[in-house]
Amino acid sequence: MANIEIRDVAKTYPGTPPVRALDNVDLSIAEGEFVALLGPSGCGKSTLLNILAGFESNTEGTVSFDGGPIAKPGPERAVVFQEAALFPWLTVFDNVAFGRRIAGSVRSNFEPEVNAMLEMVGLTDFRNAYPSQLSGGMRQRVGIARALIMQPRALLMDEPFGALDAQTRLTMQELLLSIWQKHKITVVFVTHDIDEAILLADRICVMSARPAHIAREIAITLPRPRSIDDLTSPEFVAYKAEIMHEMRHAHQQARRKADAA
Ligand SMILES: Nc1ncnc2c1ncn2[C@@H]1O[C@H](COP(=O)(O)OP(=O)(O)OP(=O)(O)O)[C@@H](O)[C@H]1O
């Protein structure tokens, strides 16, 4: 059984005029798979992710997780956004522990897990720091740790590294790869960045111009574990050329739709 099943999904935001964001989206995601959603700006990637998160509802079609319909947010589907909205008055440790505490767990139960999580994301020395004392990359590490401490089955990531400088971004991509290798949870990752999608994903779904559907699915069979050294391999460059071609097509399609409107 697929972990995430999206069948004939459409989404129209009400308004004058209404905005048709998604149309005929079909996608099955297996347990433990890493899928990247790649597409032109404004095509509907975040809308699709928000539907999977349960923050938005689809207007047509069905979306299910482990065979059950997605109707609202749930702890089995953790979300990581571009900016980790951390609580500024809590330390790194308490930000990561927050969900467990709210769920009624006592400190002696979650402390070893929070410490292990902080070690995994390289923040042990910052466990008592406050968010204002952290760099953007460190804040995202806290965001990822905070999501994983709830032991989700899927991680839904919306351009999580989009606001980071190039060097930090590469470090975070490698960190995410190592975490995913260890936890093997399903990841759905929204990005504009072709290199990022190829480096991380098992499969890239190139989305069409709005209203978005999945224009093309490309399996990335580069061997794992991957690292940033792969960015220059001939296989990587060949994937990049293929995807750039698809993206250009999606962009031209968007221009034509805009001109016709
Ligand atoms: N709450 C909303 N109400 C009305 N329209 C919305 C809403 N959220 C998104 N939209 C519109 O839906 C379309 C798709 O937006 P969405 O954010 O899903 O695209 P995206 O591909 O994630 O864009 P980007 O890559 O620029 O973040 C856009 O035209 C956007 O303006």
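Up top is the structure.
Analysis parameters
- Residues numbered from 1 in each chain as written.
- Predicted model: local features only at pLDDT ≥ 70, side-chain atom pairs only at ≥ 80, totals over all residues.
- Core = buried A, V, L, I, M, F, W, Y, C linked by C-beta atoms within 7 Å.
- Buried ≥ 20, exposed ≤ 12 C-beta atoms within 10 Å, placed from the backbone.
- Contact = placed C-beta atoms within 7 Å.
- Pairing = 2+ DSSP bridges.
- Helix = DSSP H or I, 4+ residues; strand = E, 2+ residues; numbered from the N terminus.

**Some points on the nonpolar core**
Working step 1: With 70 residues, the main nonpolar core has Leu-52, Val-96, Leu-156, Val-188 and Ala-201 as its most contacted residues.
Working step 2: Not counting residues within four places of it along the chain, the set of residues in contact with Val-96 comprises Val-114, Met-117, Leu-118, Val-142, Ala-145, Arg-146 and Ile-149.

**Let's talk about the sheet that holds strand β4 (residues 60-65)**
Working step 1: What the four strands build is an open sheet, ordered β2-β1-β4-β5; its pairing is antiparallel. Edge positions in the sheet fall to β2 (19-29) and β5 (68-69), since each has one partner strand and no second.
Working step 2: In this sheet, β5 lies alongside β4 in antiparallel orientation, the contact comprising two bridges. Residue pairing in the sheet places Phe-65 in a bridge with Gly-68 of β5.

**Topic: the pairing of strand β3 (residues 34-38)**
Working step 1: Across the five residues that make up β3, a large majority, five, are buried.
Working step 2: Pairing of β3 with strand β8 (residues 186-191) involves five bridges; the strand directions are parallel. When the bridges of β8 are listed, Val-35 appears paired with Val-188.
Working step 3: With four bridges connecting them, β3 and strand β9 (residues 203-207) associate as parallel partners. Residue Ala-36 lies in a different strand from β9, and its bridge partner there is Ile-204.

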